[in-house]
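Summary of structural features
Given next are the chains, with one letter for each unit.
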Amino acid sequence: MRNLLHEMNPSVKFLLITLSMLAIAFFFNPWTPLLFWAGIILLQLTMSRINWKLWLLFMLPFFIGAFGYLWTTVVFGADTGGTVIWSFAGIDVTDEQWARALSLAFRVMAFSTLSLLFAFTTDPVKFILSLMQQLKLSPKLAYGIMVGYQFLPVMKDEFTQIQQAHRLRGAEMKKRSWQRLLEMRRVLIPMLAGAVRKAERSAFAMEARGFTGEPRSAYYRPVRIGRIDFLMSGVFFLILLISCVGGSWLS
Amino acid sequence: MLKSWKLKEVVLMSLFAVVFGIIYLLFVHAANIWAAVIGPLAYEWMFGIWFIVSIICMYIIRKPGAAFMSETMAAAIEVLIGNAMGPRLILSGVIQGLGAEAAFALTGYKHFNILVLMLAGIGSAVFSFVYSYFISGYAALDPSFVALMFTIRVLSGAIIAGIGGKYIGDALLATGSLRGYAIARAKKGDVNA
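Residues numbered from 1 in each chain as written. Chains lettered and ligands numbered in written order. Predicted model: local features only at pLDDT ≥ 70, side-chain atom pairs only at ≥ 80, totals over all residues. Heavy atoms only, no water.

The helix and strand tally for chain A stands at ten helices and two strands. Helices and strands appear in chain A in the N-to-C order α-α-α-α-β-β-α-α-α-α-α-α. For 251 residues, the compact-globule estimate of 2.2 N^0.38 gives 18 Å, and chain A exceeds it by more than 25% at 24 Å. Burial status across chain A gives 47% buried among its 251 residues. Of the accessible surface of chain A, which amounts to about 13600 Å², a share of 65% is contributed by carbon and sulfur atoms. One way to put it: in chain A the 26 positive side-chain charges average out to a point 9 Å from where the 14 negative ones average out. (Helix = DSSP H or I, 4+ residues; strand = E, 2+ residues; numbered from the N terminus. Rg over C-alpha atoms; globule rule 2.2 N^0.38 Å. Buried < 20%, exposed > 50% of the residue type's maximum accessible area, 1.4 Å probe, protein only. Areas by Shrake-Rupley, 256 points an atom, 1.4 Å probe, with all protein chains shown as cover. Lys, Arg positive; Asp, Glu negative; His and termini not counted. Charge placed at Lys NZ, Arg CZ, Asp CG, Glu CD.)

See the structure below:
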């Protein structure tokens, strides 16, 4: 039970999440995203083994972002009519407006939670393999992306190296943040130039080992769609249905 | 579409996607903190940064699909790194990439001057704005505020992605590492630039 979300087929999970987000985006009442958010948290509580401390840490910026949405929608909201519930600094807030503001803020929360669900329960490499096997992503692209992914730590080292090289030659970091933003060029160009050379080398290496990028019928690591995926699709659609119908009914 | 692509071009896009994927993520976090203070407007002026990889890759590789695929790859890499925006980034990457691609397709993939690159930035801005309008529920906002957001995003797309993208592409060409790509051949005069 606790590893159902982890064992799902990544492509199925990806499609379900995208579909749910597109569906929720049609609703402007506060209840639908709230119910959906609650449903997703419940799903994570019962069907995954995730580190909740880390979860909170990742959610923190979105709590803040949701607050930003809340107040901009209140202040810059479209004229919707409705009765004024309170006034502040010359701004009249109607109940309609407040409901919409809450809805957008909850939407931010629901979407972030849904995204974290994916991030915390999906193995990146398996996701790419599944995109190739279930969604027919071209192997050329799929393995291309995986090469990039494998280079991540190398890039990190290179970034430190370039910075150290600059310091060694006495290139100073500017104090002001906007100046530092312009200085990014000094690190970015060498990194990109390095990336070009690495790309050439690894492409040659792949071709030398017989990689053609042709679509294939058999895979070394097959990723399949199983019974779990049908079950979980049912659960997702149930949550979606409850929040859409329940939300419209409650408001 | 991929038949005419060399593997090294695909891998090049992927490695650029890694570099820019990291930059994109840094700016997502910066923007999120900003967003708390000034609301969704915080994202708008930064949007050009998130379009830049498609313009740089198209400027270098000059093959149909370069803008669309590189932006999508950058989004995929962001998801692989792991972040709280998650799979929805892939969808927005696809849409932004299509916007830039549309601009290049309009010009028949023949011209890659600064105007076309800026047009591609604007294309990304327009496409992504339509998507944001829907997914973030801008319909709930005042039309004049939405118009302001749209203007800032288009400007950001044209200036940061268009001009910035060309600037980075040219700087990279000057390092000499791009020999063997369309951009270097065009400079020599084999292909009309």
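Scanning chain B from N- to C-terminus turns up eight helices and zero strands. Along the chain direction, N to C, the helices and strands of chain B fall in the order α-α-α-α-α-α-α-α. Taking 2.2 N^0.38 as the reference for a compact globule, 193 residues should give roughly 16 Å; the C-alpha atoms of chain B span a radius of gyration of 16 Å, in line with that estimate. Projected onto its principal axes, the C-alpha coordinates of chain B cover approximately 50 × 35 × 30 Å. Every one of the 193 residues in chain B was classed for burial, and the buried ones make up 64%. In chain B, 70% of the contacts between residues at least 6 apart in sequence involve partners at least 24 apart. (Contact = heavy atoms within 4.5 Å.)

Residues and elements named next belong to chain A. In total, this model carries four salt bridges over all chains according to the counting rule given. Of the charged contacts in the structure, one is a salt bridge between Lys-198 and Glu-158, with a shortest N-O distance of 2.7 Å. One end of the pair, Lys-198, is in helix 9 (residues 177–208); the other, Glu-158, is in helix 8 (residues 152–168), with 40 residues separating them in the sequence. In this structure Lys-198 comes out as buried when scored by relative accessible area, which is 7%. (Salt bridge = Lys/Arg side-chain N within 4 Å of Asp/Glu carboxyl O.)

A few words on the confidence of the model for chain B. Model confidence for chain B is summarised by a mean pLDDT of 87, while 94% of its residues fall at 70 or above. This prediction of the complex comes with two scores: 0.84 for pTM and 0.85 for ipTM. (pLDDT = per-residue confidence, 0-100.)

Another point: the layout of surface pockets. For the second largest pocket, the calculated volume is near 630 Å³. Every residue lining the second largest pocket is counted, 27 residues in all, and those nearest its centre are Lys-136, Leu-137, Ser-138 and Leu-141 of chain A together with Leu-2 of chain B. Elements with a contribution of two residues or more to the lining of the second largest pocket: helix 6 (124–133) and helix 7 (139–150) of chain A together with helix 4 (66–81) and helix 5 (88–106) of chain B. In terms of residues, the lining of the second largest pocket owes the most to one element, helix 4 of chain B, which gives five residues. Broken down by class, the residue content of the lining of the second largest pocket amounts to 18 nonpolar, four polar and five charged. (1 Å grid on protein atoms, 1.4 Å probe; cavity = no way out; pocket = protein on both sides within 12 Å on 5 of 7 lines; lining within 4 Å. Points joined across faces, edges and corners; volume = space filled by probe spheres on them. Nonpolar A, V, L, I, M, F, W, Y, C, P; charged D, E, K, R; others polar.)

So, on to the side chain of Ser-124 of chain B. Secondary-structure assignment places Ser-124 of chain B in helix 6 (residues 114–135). Those residues within four positions of Ser-124 of chain B in sequence are excluded, and the remaining contacts are Phe-51, Gln-96, Gly-99 and Ala-100 of chain B.

Quick look at the packing of aromatic side chains now. Within the structure shown, the criterion is met by 15 aromatic pairs over all chains. Relative to Phe-112 of chain B, the ring of Phe-104 of chain B has its centre 5.8 Å away and its plane inclined at 35°; by these criteria the two rings are tilted. We classify Phe-104 of chain B as buried; its relative accessible area is 0%. Among the residues examined, Phe-112 of chain B registers a relative accessible area of 5% and is labelled buried. Among the aromatic residues, ring-to-ring pairing joins Phe-129, Tyr-133, Tyr-138 and Phe-150 of chain B into one connected group. Taking the ring centre of Phe-28 of chain A as reference, the NZ or CZ of Arg-100 of chain A above it sits at 5.0 Å. (Phe/Tyr/Trp six-rings, centres within 6.5 Å; stacked < 30°, edge-to-face > 60°. Lys NZ or Arg CZ within 6 Å of the ring centre and 35° of its normal.)

Let us now look at the environment of Ala-30 of chain B. Residues and elements named next belong to chain B. With respect to the element layout, Ala-30 can be found in helix 1 (residues 7–38). The exposure class assigned to Ala-30 is partly exposed, which follows from its relative accessible area of 29%. Taking the C-alpha atoms as reference points, Ala-30 and Ala-105, separated by 75 residues in sequence, lie 33 Å from one another.

Turning to the nonpolar core, a few remarks are in order. The tendency in soluble globular proteins is for nonpolar side chains to be buried side by side. Phe-236 of chain A together with Phe-16, Phe-20, Trp-50, Ile-60 and Leu-172 of chain B are the most contacted members of the largest nonpolar core, which totals 142 residues. Take this core: its biggest share by element is 17 residues, from helix 1 of chain B. Residues contacting Ile-60 of chain B, with those up to four places away along its chain left out, are Leu-12, Phe-16, Leu-172, Leu-178, Tyr-181, Ala-182 and Ile-183 of chain B. (Core = buried A, V, L, I, M, F, W, Y, C linked by side-chain atoms within 4.5 Å.)

The relative placement of two packed helices comes down to the angle between their axes together with the axis-to-axis distance. Following both chains from N to C, one finds helix 4 (residues 52–76) of chain A and helix 1 of chain B inclined at 35°, their axes separated by 7 Å at the closest point. The crossing of helix 4 of chain A and helix 1 of chain B is left-handed. Residue-level inspection shows Pro-61, Phe-62, Ile-64, Gly-65, Phe-67, Gly-68, Trp-71 and Thr-72 of chain A of helix 4 of chain A in contact with helix 1 of chain B, the latter providing Asn-32, Ala-35, Ala-36, Val-37 and Ile-38 of chain B. Classifying every residue of the contact of helix 4 of chain A with helix 1 of chain B by side-chain character gives nine nonpolar, four polar and no charged. (Axes fitted to C-alpha atoms, helices over the stretch in contact; angles between N-to-C directions. Left-handed = near helix turned anticlockwise from the far one by under 90°.)

With that out of the way, let us pick up unusual backbone geometry. Residues and elements named next belong to chain B. For Arg-62, which is not a glycine, the phi torsion comes out positive at approximately 60°. Among the structural elements, Arg-62 can be located in the loop between helix 3 (47–61) and helix 4. Despite not being glycine, Tyr-109 shows a phi value in the positive range, around 55°. By secondary structure assignment, the location of Tyr-109 is in the loop between helix 5 and helix 6.

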